[in-house]
Amino acid sequence: MAKVDSASQTLQKIHAKWMAKCTCKLRKTATRAVPGSGSSAADIVFIGEAPGKKEDLTGLPFVGAAGKFLDEMLATVKLDRKDVYITSIVKYRPPNNRDPFPEEIRSCAGWLRDELTFIQPKLIVFLGRHAMHQFFPDLKISEVHGTHIEQKIPNFPTEHFFALYHPAAALYNGSMRELLFSDFKKIPSILRKLK
Ligand code: URA
């Protein structure tokens, strides 16, 4: 327990350091930063795109409608937010929820890298193509969603990845919802193989 406590303190220090030094231009329009949240000892890290309105107001990732759907999917594989770590490639809300610009993604990249290097997850799950493209710019989410991607990246803490469509894509689309549930259900068996 003490080990986990000091690990979560270290993560809080990482967030405090980046809140002070992040040069992302979205800081001018966002209410606050939305750092990652969850277990510092997580085997799985979920990476989304950027905070929306509710995240911007609360400072917590995935607490809006897409986050509720993520919670539902986690529950189907008997996981809870406290078992995993959830973050986004960009830590500040883009105005009107537009897609983040490459420069905004670049300026938050060190923050994400520090989170991942510290947590050392066994598996990284991309929530949507923007998150996946930061690591695998040439992959198409329509081709690789729901598959185990194994790739060594120099000086990077994991070589196991899994891509899902962004949960927001399923909010008004029943077939996308079913697809996301069925992809999500593959996560536990991948994780078991990695342990
Ligand atoms: N979508 C994301 O990608 N991240 C959030 O934190 C919320 C919605």
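Summary of the structure given here. This is a predicted model, so every value here is computed, not measured.

What to know about the packing of helix α3 (residues 65–76) against helix α7 (residues 174–184)
Step number 1: Running from N to C, α3 and α7 cross one another at 40 degrees; their axes reach a closest spacing of 9 Å. For the element pair α3 / α7, the angle class is oblique. Relative to α7, α3 is oriented so that their crossing is right-handed. For the pair α3 and α7, the contacting residues are F69, L70, E72, M73, L74 and T76 in the first and R177, L180, F181 and F184 in the second.
Step number 2: Residue classes in the contact of α3 with α7 are distributed as 7 nonpolar, 1 polar and 2 charged.

Remarks on the sheet that holds strand β4 (residues 123–127)
Step number 1: Strand order in the open sheet made by the 6 strands is β1-β3-β2-β4-β6-β5, with mixed pairing throughout. The sheet terminates laterally at β1 (37–38) and β5 (148–150), the two strands that pair on one side only.
Step number 2: Of the pairings in the sheet, the one linking β5 to strand β6 (residues 160–164) comprises 3 bridges and is antiparallel in character. Looking at the pairing, H148 lines up with F162 of β6.
Step number 3: Strands β2 (44–48), β3 (85–88) and β4 of the sheet are contacted by helix α4 (residues 102–119), whose axis makes an angle of about 160 degrees with β3.

Considerations on the nonpolar core
Step number 1: Within the largest apolar cluster, 59 residues are counted, with the highest numbers of intra-cluster contacts made by F46, I47, L70, Y92, F126 and F184.
Step number 2: Ranked by the residues each element gives to this core, the list is headed by α4, at 6 residues.
Step number 3: Setting aside residues up to four positions removed in sequence, F184 forms contacts with F46, L70, M73, L74, V77 and L164.

Focus: α7
Step number 1: Those residues of α7 that fall on the buried side of the exposure criterion are M176, L180, F181, D183 and F184. When α7 is viewed along its axis, its buried side chains cluster within an angular range of 165 degrees and face the same direction. Pointing more than 90 degrees away from the buried face of α7 are the exposed residues S175 and E178.
Step number 2: In this fold, the buried residues of α7 make contact with β2, α3, β6 and α8 (187–194).

Things to note about the layout of surface pockets
Step number 1: Roughly 520 Å³ of volume is contained in the largest pocket.
Step number 2: In terms of lining residues, the largest pocket is bounded by 30 residues, among which E49, A50, A66, H166 and A168 are the most central.
Step number 3: Looking at the lining of the largest pocket, the elements that each hand over two or more residues are α2 (53–58), α3 and α5 (129–135).

A look at the environment of F126
Step number 1: Checked against the element boundaries, F126 lands in strand β4.
Step number 2: Separated by 15 residues in the primary sequence, F126 and I141 place their C-alpha atoms 9.8 Å from one another.
Step number 3: If sequence neighbours within four positions are ignored, F126 has contacts with I47, A131, M132, F135, F136, F161, F162, A163 and L164.

As for the pairing of β2
Step number 1: The buried fraction of β2 amounts to 5 of the 5 residues, a majority that puts the element mostly inside the structure.
Step number 2: Here β2 shows a buried face lined by I44, F46 and G48 and a second buried face lined by V45 and I47.
Step number 3: Two elements, β2 and β3, share 4 bridges in a ladder whose sense is parallel. Bridge pairing links F46 to I86 in β3.

Observations concerning the site of the ligand
Step number 1: Close to the ligand lie G48, E49, A50, P51, E55, P61, F62, S88 and H166.
Step number 2: Between an oxygen atom of the ligand and a main-chain N or O atom of E49, the distance comes to 2.5 Å.
Step number 3: One of the side-chain nitrogen or oxygen atoms of H166 is found 3.0 Å away from an oxygen atom of the ligand.
Step number 4: Here the ligand, which alone exposes 240 Å², has 93% of that area covered by the protein.
Step number 5: When atom positions are compared with the pocket grids, the ligand is found to occupy the largest pocket.
Step number 6: Considered class by class, the residues forming the shell around the ligand number 4 nonpolar, 3 polar and 2 charged.

Parameters and conventions
Residues numbered from 1 in each chain as written. Predicted model: local features only at pLDDT ≥ 70, side-chain atom pairs only at ≥ 80, totals over all residues. Heavy atoms only, no water. Axes fitted to C-alpha atoms, helices over the stretch in contact; angles between N-to-C directions. Helix = DSSP H or I, 4+ residues; strand = E, 2+ residues; numbered from the N terminus. Parallel < 35°, antiparallel > 145°, perpendicular 65-115°, else oblique. Left-handed = near helix turned anticlockwise from the far one by under 90°. Contact = heavy atoms within 4.5 Å. Nonpolar A, V, L, I, M, F, W, Y, C, P; charged D, E, K, R; others polar. Pairing = 2+ DSSP bridges. Core = buried A, V, L, I, M, F, W, Y, C linked by side-chain atoms within 4.5 Å. Buried < 20%, exposed > 50% of the residue type's maximum accessible area, 1.4 Å probe, protein only. Arc of directions from axis to C-beta. 1 Å grid on protein atoms, 1.4 Å probe; cavity = no way out; pocket = protein on both sides within 12 Å on 5 of 7 lines; lining within 4 Å. Points joined across faces, edges and corners; volume = space filled by probe spheres on them. Near = heavy atom within 4 Å. Polar contact = N/O pair within 3.5 Å; in protein donor to acceptor, adjacent residues only side chain to side chain. Areas by Shrake-Rupley, 256 points an atom, 1.4 Å probe, with all protein chains shown as cover. Sits in = over half its atoms within 2 Å of the grid points.

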